[in-house]
Amino acid sequence: VARPPYFVPESYEFTPPPELAKVNRCLCAMSADWTPLAHHAAKVMVELLMQTTPEQTKGWKFSITGDLGKHRDSYKPLKQSGRCDITGNVDNPFEYMYRSRAMAHLSNLGMGFKTKLLDFVSCGGWLIVQKKLYERQPKELKPFCIVVDPLTPESFLAALKKANEPWPDNSRVNDDLRERAF
């Protein structure tokens, strides 16, 4: 098996309270502990965001969660601009994901499946990814992916526009992956 399927264990499943509403937030979820891959994903999103104007991204919020490690200072200029919220580790990442409309994971580093992508799809939302990462996703996740060129802000802006559309039905994704796993 080239890519063993992953599924969200039942003990991790989170049922959002009815009052928990989606906001136009593009989330870059790093790791609870700093890793080069997660840092690179955040760095690429920051670079793309800085190539856009606030008018172009009007109505969108941008957040980076997770441990910034020794690179914390490199994110200060973006945070000071008011265009990106840098939260650090959040108490309940599933609640944060449920409130976000899109997750950007724009690093082309690393191989393998990113479990946070399935976690996000289970919460309902769009995945903004570069082509190499899209091609490595299981078929169940591909309908939720918006492929971008991580070097062009126009591609990122088009992805944000697409992310305002309703996403496909996600009610069977976890079950389908679980069935393929066993």
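Residues numbered from 1 in each chain as written. Predicted model: local features only at pLDDT ≥ 70, side-chain atom pairs only at ≥ 80, totals over all residues. Heavy atoms only, no water.

A. Molecular detail of the nonpolar core. Cys26, Met45, Phe62, Ile64, Leu106, Ile128 and Phe156 are the most contacted members of the largest nonpolar core, which has 30 residues in total. Where this core is concerned, the elements lending two or more residues are strand E1 (23-29), helix H1 (36-50), strand E2 (61-65), strand E4 (100-105), strand E5 (126-130), strand E6 (145-148) and helix H6 (153-162). Of all the elements, H1 adds the most residues to this core, at eight residues. Residues in contact with isoleucine 128, not counting those within four places in the same chain, are Cys26, Ala102, Met103, Ala104, His105, Leu106, Ile146, Val148, Phe156, Ala159 and Leu160. Tyr96, Leu118, Cys123 and Val173 belong to the second-largest nonpolar core, a separate cluster that totals 22 residues. (Core = buried A, V, L, I, M, F, W, Y, C linked by side-chain atoms within 4.5 Å. Buried < 20%, exposed > 50% of the residue type's maximum accessible area, 1.4 Å probe, protein only. Helix = DSSP H or I, 4+ residues; strand = E, 2+ residues; numbered from the N terminus. Contact = heavy atoms within 4.5 Å.)

B. Expanded view of the layout of surface pockets. Of the voids in this model, the largest pocket is the one considered here, and its volume is about 320 Å³. Taken together, 17 residues form the lining of the largest pocket, with Ala29, Met30, Thr65, Pro93 and Met97 sitting closest to its centre. Secondary-structure elements contributing two or more residues to the lining of the largest pocket are E1, helix H3 (93-99) and helix H4 (115-123). Top contributing element to the lining of the largest pocket by residue count: H3, with four residues. Approximately 250 Å³ is the volume found for the second largest pocket. What lines the second largest pocket is a set of 15 residues, among which Val8, Glu13, Tyr98, Ser122 and Asn174 lie closest to the centre. (1 Å grid on protein atoms, 1.4 Å probe; cavity = no way out; pocket = protein on both sides within 12 Å on 5 of 7 lines; lining within 4 Å. Points joined across faces, edges and corners; volume = space filled by probe spheres on them.)

C. Highlighting the state of the cysteines. Enumeration according to the criterion identifies zero disulfides in this entry. We note that cysteine 28 lacks a disulfide partner, and the nearest cysteine sulfur, in cysteine 26, lies 7.9 Å from it. Looking at the unpaired cysteine 145, the closest cysteine sulfur is the one in cysteine 26, lying at 13 Å. (Disulfide = S-S within 2.5 Å.)

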